[in-house]
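Survey of secondary and tertiary structure
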Amino acid sequence: MTLTVGVDVGGTKVLAGVVTPDGEVLATVRRPTPSQDVNDTARVIAEVVRELDEDYDIEAVGVGAAGWIDASRSVVLHAPNLAWRREPLKDRIQERVDVPVVVENDANAAAWAEYRFGAGQDQHHLILITVGTGIGGGAVVNGDIYRGHFGVAAEFGHVRVVPDGHPCGCGASGCFEQYASGKALVRFAKQQAREDPAAARTLLEMAGGDVDAIDGPMVTRAAQAADAASLAAFADLGDWLGWGMADLVSGWDPQCIILGGGVAEAGDLMSIPARETYAKVTALRGRTEVAEVRIAALGNKAGLVGAADLARIR
């Protein structure tokens, strides 16, 4: 059985796993991401690969990186939430490990995993939107990842939706991910708490009365406890996400839209308002047949599973 390692590199964590050809994860290792130092990031990635290689016979490594990857699948052109700028990541990892290395955009890897083993197995044209700290995107078209000419297609999070809006880590302002991501959820909740503390009573209790201490997990827990401000924050997030999905349908016309990422794991809190807005907007535009919206099936392991599978078929 051919075993490969997938490594999902995000702004806060490096998650690696040994993956079988049918998508089963046999073992995982997790480390914090030294996001401000490119050499340390490469070192940590190599360390987790070598640790897994001690117990398993690994034949290749796929690295799913949170950034814009060039068409050769070797250089990170830009990473909004990490220090990579034209970083030759494949070479940095390859010189530290003894097996072939493939680098892929993390959302592309997650989209591939959902297509191969998850919520999109019966679909040939799908879009994945990962709603986490930011917004990631991936597309599978006719059974292949669509990367575009320069390798950076499907960066849905960095489509500008509000002229002169909130600053984004990519250097622009008003990007989609500033209104439909975990960062946006926290911003919405903080605004609600400042404007109406009574509606945010549960949320503020969790934050020790300090609005600035509010974070994403608190907002989710408070919303699950029926905190009005937190529910309103999820409604705002879902509304923006629904509009975004409707716009993607106009441009891509997929069979299926899959929602993944950490915020998507909040379930109905996010998906219900998003689906409602999506249905309303697509109906107003006269769309009689639109992509089904599904929730990702593979959770936070989608990126590593997809990267590992892409390394196998490199």
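Report on the accompanying structure. It should be emphasised that the depicted structure is a prediction, and the values quoted were computed from it without experimental measurement. (Residues numbered from 1 in each chain as written. Predicted model: local features only at pLDDT ≥ 70, side-chain atom pairs only at ≥ 80, totals over all residues. Heavy atoms only, no water.)

**With respect to the environment of His149**
Here His149 shows up in the loop between β11 (144-145) and α4 (182-195). Judged by relative accessible area, which is 69%, His149 ranks as exposed. Put simply, His149 and Thr28 are 121 residues apart on the chain and 34 Å apart in space, counted from C-alpha to C-alpha. (Helix = DSSP H or I, 4+ residues; strand = E, 2+ residues; numbered from the N terminus. Buried < 20%, exposed > 50% of the residue type's maximum accessible area, 1.4 Å probe, protein only.)

**Describing the packing of aromatic side chains**
The full count for this structure, using the stated rule, is four aromatic pairs. Ring centres 5.8 Å apart and planes at 80 degrees place the aromatic pair Tyr146 and Trp252 in the edge-to-face group. Of the two residues, Tyr146 is situated in the loop between β11 and α4 and Trp252 in helix α7 (residues 228-252); the sequence distance between them amounts to 106 residues. Relative accessible area serves as the criterion here: at 30%, Trp252 is assigned to the partly exposed category. Geometrically, the ring pair formed by Tyr179 and Trp240 is tilted, given 4.7 Å between the ring centres and 35 degrees between the ring planes. Residue Tyr179 is found in the loop between β11 and α4, and its partner Trp240 is found in helix α7; the two are separated by 61 residues along the sequence. Classification of Tyr179 as buried rests on a relative accessible area of 7%. Look at Trp240 and you get partly exposed, because its relative accessible area is 29%. Ring pairing ties together the aromatic residues Tyr146, Phe156 and Trp252, which thus form one cluster. The ring of Tyr179 has Arg187 sitting right over it, with the charged end atom 5.4 Å from the ring centre. (Phe/Tyr/Trp six-rings, centres within 6.5 Å; stacked < 30°, edge-to-face > 60°. Lys NZ or Arg CZ within 6 Å of the ring centre and 35° of its normal.)

**Remarks on helix α3 (residues 106-117)**
With twelve residues, α3 ought to run about 16 Å at 1.5 Å a step, and its terminal C-alpha atoms sit 16 Å apart, in line with that. With ten of twelve residues buried, α3 lies mostly within the body of the structure. Taken as a whole, α3 has its buried residues at Ala107, Asn108, Ala109, Ala110, Ala111, Trp112, Ala113, Glu114, Tyr115 and Phe117. The opening residue of α3, the one whose side-chain oxygen lies 2.9 Å from the backbone nitrogen of Ala107, is Asn105. (Expected span 1.5 Å × (residues − 1). Polar contact = N/O pair within 3.5 Å; in protein donor to acceptor, adjacent residues only side chain to side chain.)

**Thoughts on the side chain of Gln123**
Of note, Gln123 is situated in the loop between α3 and β9 (125-131). Within the structure, Gln123 has its side chain in polar contact with the side chain of Asp122 (distance 3.2 Å). Contacts of Gln123, omitting those with residues within four sequence positions, involve Tyr115, Gln255, Cys256 and Arg294. (Contact = heavy atoms within 4.5 Å.)

**Quick notes on the layout of surface pockets**
Left-over empty space is what a probe sized like a water molecule reveals as it rolls over the atoms. Quantified by volume, the largest pocket comes out at close to 1,200 Å³. If you trace the largest pocket, you find 48 residues lining it, with Val131, Gly132, Thr133, Gly261 and Gly262 closest to the centre. Residue assignment for the lining of the largest pocket shows that the elements contributing at least two residues are β1 (3-9), α3, β9, β10 (135-141), α4, α6 (216-224) and α9 (302-312). In terms of residue count, α3 provides more of the lining of the largest pocket than any other element does, four residues in total. Taken together, the residues of the lining of the largest pocket break down into 16 nonpolar, 22 polar and ten charged. (1 Å grid on protein atoms, 1.4 Å probe; cavity = no way out; pocket = protein on both sides within 12 Å on 5 of 7 lines; lining within 4 Å. Points joined across faces, edges and corners; volume = space filled by probe spheres on them. Nonpolar A, V, L, I, M, F, W, Y, C, P; charged D, E, K, R; others polar.)

**Let's talk about the pairing of strand β2 (residues 13-19)**
Most of β2 sits out of view: seven of its seven residues are buried. In sequence, β1 turns back onto β2 through a hairpin of three residues. As defined by bridge partners, β2 adjoins strand β3 (residues 25-32) across seven bridges and the pair is classed as antiparallel. Across the sheet, residue Val18 finds its bridge partner in β3, namely Ala27. (Pairing = 2+ DSSP bridges.)

**Considering the nonpolar core**
With 46 residues, the main nonpolar core has Ile129, Phe234, Leu241 and Met270 as its most contacted residues. Only β9, β10, α4, α5 (201-206), α6, α7, β12 (256-260) and α8 (268-284) provide two or more residues apiece to this core. In contact with Ile129, not counting residues within four places along its chain, are Ile135, Gly136, Phe156, Leu241, Met245, Leu248, Ile257, Ile258, Leu259 and Gly260. Formed by 33 residues, the second largest nonpolar core is a distinct cluster that contains Val29, Trp84, Ile93 and Val103. (Core = buried A, V, L, I, M, F, W, Y, C linked by side-chain atoms within 4.5 Å.)

**Points about the packing of α6 against α7**
The packing of two helices is summarised by the inter-axis angle and the distance between the axes. It is the contact of α6 with α7, at a shortest axis distance of 7 Å, that shows an interaxial angle of 110 degrees. Comparing the axis directions of α6 and α7 gives the class roughly perpendicular. α7 is crossed by α6, and the crossing has left-handed handedness. On α7, the residues that touch Val219, Thr220, Ala222 and Ala223 of α6 are Ser230, Leu231, Ala233 and Phe234. (Axes fitted to C-alpha atoms, helices over the stretch in contact; angles between N-to-C directions. Parallel < 35°, antiparallel > 145°, perpendicular 65-115°, else oblique. Left-handed = near helix turned anticlockwise from the far one by under 90°.)

**Observations concerning α9**
With eleven of eleven residues buried, α9 lies mostly within the body of the structure. Of all the positions in α9, only Ala302, Gly303, Leu304, Val305, Gly306, Ala307, Ala308, Asp309, Leu310, Ala311 and Arg312 are classed as buried.

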